[in-house]
Amino acid sequence: MADTLLAVLLVTTSAKEANLVYQWPANPESLPRLSRPHPEHTSSLIQFDNVWRASNYGDAAEPSELRPRTQISESEYAWKRTQSVRDRSSSMTRSSSHPPSGRSSPTQDLDSATTEDGYSALFGYSSSFLAGLLCPQRSMCHQKCELLVDDLAFIGHPVCDDTDGKWRFRPENSGARGRETRSPGLDTEESPDSVSQQNAPSNSTWLQTFNFVIVLDLPHPSSSTSGNYLKYIEIVYEQITFTMTAVLFQEQVLHNFVEEECATLGSLKDSCMAKGEPFSNFMAQALEVSSIAPAMKALYEAIKSSSIAYVTMNNIPLELQLPPFLDQILYSEDDDLHQPEDEEWQSWGPGMAFGWKLPALAPWKSVLLLDESLNLRTPHIDGDDHNLIEGLVKFMEIAAVTLSLADMATLLDWDLESQLFPTVRWLVQHRRAKVVDIVHTGLKTLFILPPKLPASIRQLSEEFKIEFAQQPVSSLPEILSAISTSSGTHFFDVVVQSKALIPSYQNVISWMLKRDLLVTLHLRVRIVATKELKLRVKHRIEKARAKKANKGRSKLFQEVDTDYSSSGMTWLSLSPKAAHAYSRRHTSTESERSRAEADDQEELEEEEQEWDSGWDTNDDDLTSSIIKDPSRATPLQRQWLSAMSEGKDALIAKRFDHINQYFDGKRTDDEILYRAEISRKQLRQLLHHYDEYLQTFLHPS
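- Going by what an unreviewed UniProt entry lists, the protein chain is known as Nitrogen permease regulator 3 and is assigned to Armillaria gallica.
- Within the UniProt record for the protein chain, the comment given under Sequence similarities (unreviewed entry) is "Belongs to the NPR3 family."
- Word for word, the UniProt comment on the protein chain under Subcellular location (unreviewed entry) is "Vacuole membrane".

Next up, the structure:
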């Protein structure tokens, strides 16, 4: 956002004119662009200004016919906006609801821009024309306004008074609204159209429309950074423009605040222009006489520095920010920017789904406080809401990286979903805490270094030395070196090596986690069905199949022998009538025997299907393979899992049958311990007994 943000504007309209009330900075400029490639200068070679000239170099009669770079005007490479070549204002139709500015023509406005500095022009447009363009007709107010002109994007939410000239809150079900009503709560702002009417409408004398506008620099359409720009603009609108408009609209309705501020700034501008003072003088003096002007300045600088803007308007404190990783949305080529659909990700809510790069908000995670002093200067906390304040204070008193969020909820006697998660979400959103992995109380946690350090080692070492000058700890370079050269060794064994130093190094770990200098490694487990296991299960199935088949044949022969032996007669000794009766009984027996054989055949086919349904490879079925998802194991895979427990202790086998569903290589050891409700010692014991069938590996969380 630091590169794309160009300016913050406040524009208004009255019955007489449209006006650009204030802007920050004084003279915003977009990044320069090239209309065609700019060749590098090499003194020994003739420079070609494009590919065509280079490809046709051999066709030239003389090399002198090709102009060297030193003879080519630099303006041939620079891209200019359309209005700098011709009057852009004259080619646009102004709405009939926008009164004339009082000047003779837009062309004269542009011509006077050079003499009046920033008083009358911005981005090559006359200020009055731009203000009229950004304050649309009444039917287009009270909804998102997105205006794209050349390389500029103007994002606002224009609001207006009623037809009788009074400023009133609009009903929630108003059809003119361009967005859904936001529900009140800790993480939402009140809509400028849905704030409940508390006072009578303000007595406005001239203000009809105002619009708080963010101006962004659009990427070139052919640029790889333009794919997700619409989502980028949407987030800027929701987090900044909409929120600022909500507060300004509320204060205008209740106290006529915006009109009074604009009148003050307008009078100051007229005075500075009458005295012939430069535009910079007006900008500086406005910061002293207005509360909107310093708020716009603080907001612009905070966005440029990717920090939180603390502003105050009419004694109302605001805390505004954009997602810290918003630029990655702009530069990402992935169209699907949504977080996974897991419940741990959904716990953050839609407002923090983009541009935050947050870990899962899960019970087995922990929280690291970045600022232990609770600052109540925020629009989301009412000073009278003592319950919320006391809850935050209690949480911050017990919060520690050695406790899981589930443990903290238990200690506070809070509900995890409705009480603890919202508290963590509020702290993270306001950058007073970050979600991290649990750190073992004895520092027996595996760490690695991040791919890139946030600052130079020299700078970090100086800060570390100042922070831990009075504590018996190693220097930061020594700690980083020990971690980088260790292989699967706990932090205690690599760095601490003394139980007496654990408290000091707990502070060191917290300091390093705050600066993203450590990455936690977690144990993950997968189940391997070995070749020997598969053969054993296959032989057992084949043996059971043969046993059933032999049992069926034995039963058939036994029945036949029984029939003949029980009769005690041969066919020749029977009369025709007796032979017929005997034949009928024999046929019935054969039919029953056929049905039994059919049933046995179906069972055998089902077993074969079970056997075939479990293959993880296409060619060799009897090679070792991984059971990818034990929680959804096929019938054959379940037989493999059952065979793994043969000869094991009954208690161990029961525990394995209970938790093997989490051995999919995706669950961390912390998640397994939480979901299975077992201790780390019990997990280690289980891994030891089933070592031949388990694949364990370390991976960052």
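1. Comments concerning the overall build of the protein chain
Thought 1: Looking only at helices and strands, the protein chain features 22 helices and 16 strands.
Thought 2: Among the 701 residues that make up the protein chain, the fraction classed as buried is 44%.
Thought 3: Restricting to contacts in the protein chain with at least 6 residues of sequence separation, those with at least 24 account for 72%.

2. Observations concerning a positive patch on the surface
Thought 1: Residues K444, K499, K681 and R684 make up a contiguous surface patch of positive charge.
Thought 2: Mapped onto the elements of the fold, K499 is located in the loop between α15 (491-496) and α16 (502-514).

3. Notes on the side chain of Q252
Thought 1: The residue Q252 is located in helix α4 (residues 229-255) in this model.
Thought 2: For Q252, a relative accessible area of 0% corresponds to the buried category.
Thought 3: Looking at Q252, its side chain comes within polar contact range of the side chain of N256, at 2.8 Å.
Thought 4: At 3.1 Å, the side chain of Q252 forms a polar contact with the backbone nitrogen of E259.

4. Here's the deal with the pattern of salt bridges
Thought 1: Applying the stated criterion across every chain, the model contains 18 salt bridges.
Thought 2: Of the charged contacts in the structure, one is a salt bridge between D516 and K434, with a shortest N-O distance of 2.5 Å. One end of the pair, D516, is in the loop between α16 and β14 (519-529); the other, K434, is in strand β12 (residues 433-436), and 82 residues separate them in sequence.
Thought 3: Look at D516 and you get partly exposed, because its relative accessible area is 45%.
Thought 4: For R515, the salt bridge goes to E463, with nearest N and O atoms at 3.7 Å. Of this pair, R515 sits in the loop between α16 and β14 while E463 sits in helix α13 (residues 457-467), and the two are 52 residues apart along the sequence.
Thought 5: With a relative accessible area of 28%, R515 lands in the partly exposed category.
Thought 6: Via salt bridges that share partners, D664, R667, E671 and R675 belong to a single interconnected network.

5. Comments concerning the nonpolar core
Thought 1: With 61 residues, the main nonpolar core has Y22, F210, L216, F282 and M313 as its most contacted residues.
Thought 2: In terms of residue count, the dominant contributor to this core is α4 (14 residues).
Thought 3: Ignoring sequence-local partners within four residues, the contact set of M313 consists of M244, V247, L248, F257, S291, I292, A295 and L318.
Thought 4: By size, the runner-up hydrophobic cluster in this structure holds 29 residues, among which are I541, F663, Y690 and L694.

6. Here's the deal with the packing of aromatic side chains
Thought 1: Scanning all chains against the criterion turns up 18 aromatic pairs.
Thought 2: With centroids separated by 6.1 Å and ring planes inclined at 65°, the aromatic side chains of W167 and F249 adopt a geometry described as edge-to-face. In this pair, W167 is assigned in the loop between β7 (159-160) and β8 (209-217) and F249 in helix α4, connecting sequence segments 82 residues apart.
Thought 3: Assessed through its relative accessible area of 0%, W167 is described here as buried.
Thought 4: On the numbers, 5.3 Å between centres and 75° between planes, the contact of F464 with W511 is edge-to-face. Highlighted residues: F464 in helix α13 and W511 in helix α16, separated in sequence by 47 residues. Grouping residues by exposure puts F464 and W511 together as buried.
Thought 5: Among the aromatic residues, those joined into a ring-pair cluster are Y22, Y119, F279 and F282.
Thought 6: The aromatic ring of Y237 is capped on one face by K144, whose charged end is 5.5 Å from the ring centroid.
Thought 7: Directly above the aromatic system of F325 lies the positively charged group of K357, at a separation of 4.6 Å from the ring centroid.

Procedures and definitions
Residues numbered from 1 in each chain as written. Predicted model: local features only at pLDDT ≥ 70, side-chain atom pairs only at ≥ 80, totals over all residues. Heavy atoms only, no water. UniProt positions renumbered as here; feature names shortened; annotations may be inferred. Helix = DSSP H or I, 4+ residues; strand = E, 2+ residues; numbered from the N terminus. Buried < 20%, exposed > 50% of the residue type's maximum accessible area, 1.4 Å probe, protein only. Contact = heavy atoms within 4.5 Å. Patch = residues over 30% accessible without salt bridge, like charges linked within 9 Å, V, L, I, M, F, W, Y side chains within 5 Å. Areas by Shrake-Rupley, 256 points an atom, 1.4 Å probe, with all protein chains shown as cover. Salt bridge = Lys/Arg side-chain N within 4 Å of Asp/Glu carboxyl O. Lys, Arg positive; Asp, Glu negative; His and termini not counted. Charge placed at Lys NZ, Arg CZ, Asp CG, Glu CD. Polar contact = N/O pair within 3.5 Å; in protein donor to acceptor, adjacent residues only side chain to side chain. Core = buried A, V, L, I, M, F, W, Y, C linked by side-chain atoms within 4.5 Å. Phe/Tyr/Trp six-rings, centres within 6.5 Å; stacked < 30°, edge-to-face > 60°. Lys NZ or Arg CZ within 6 Å of the ring centre and 35° of its normal.

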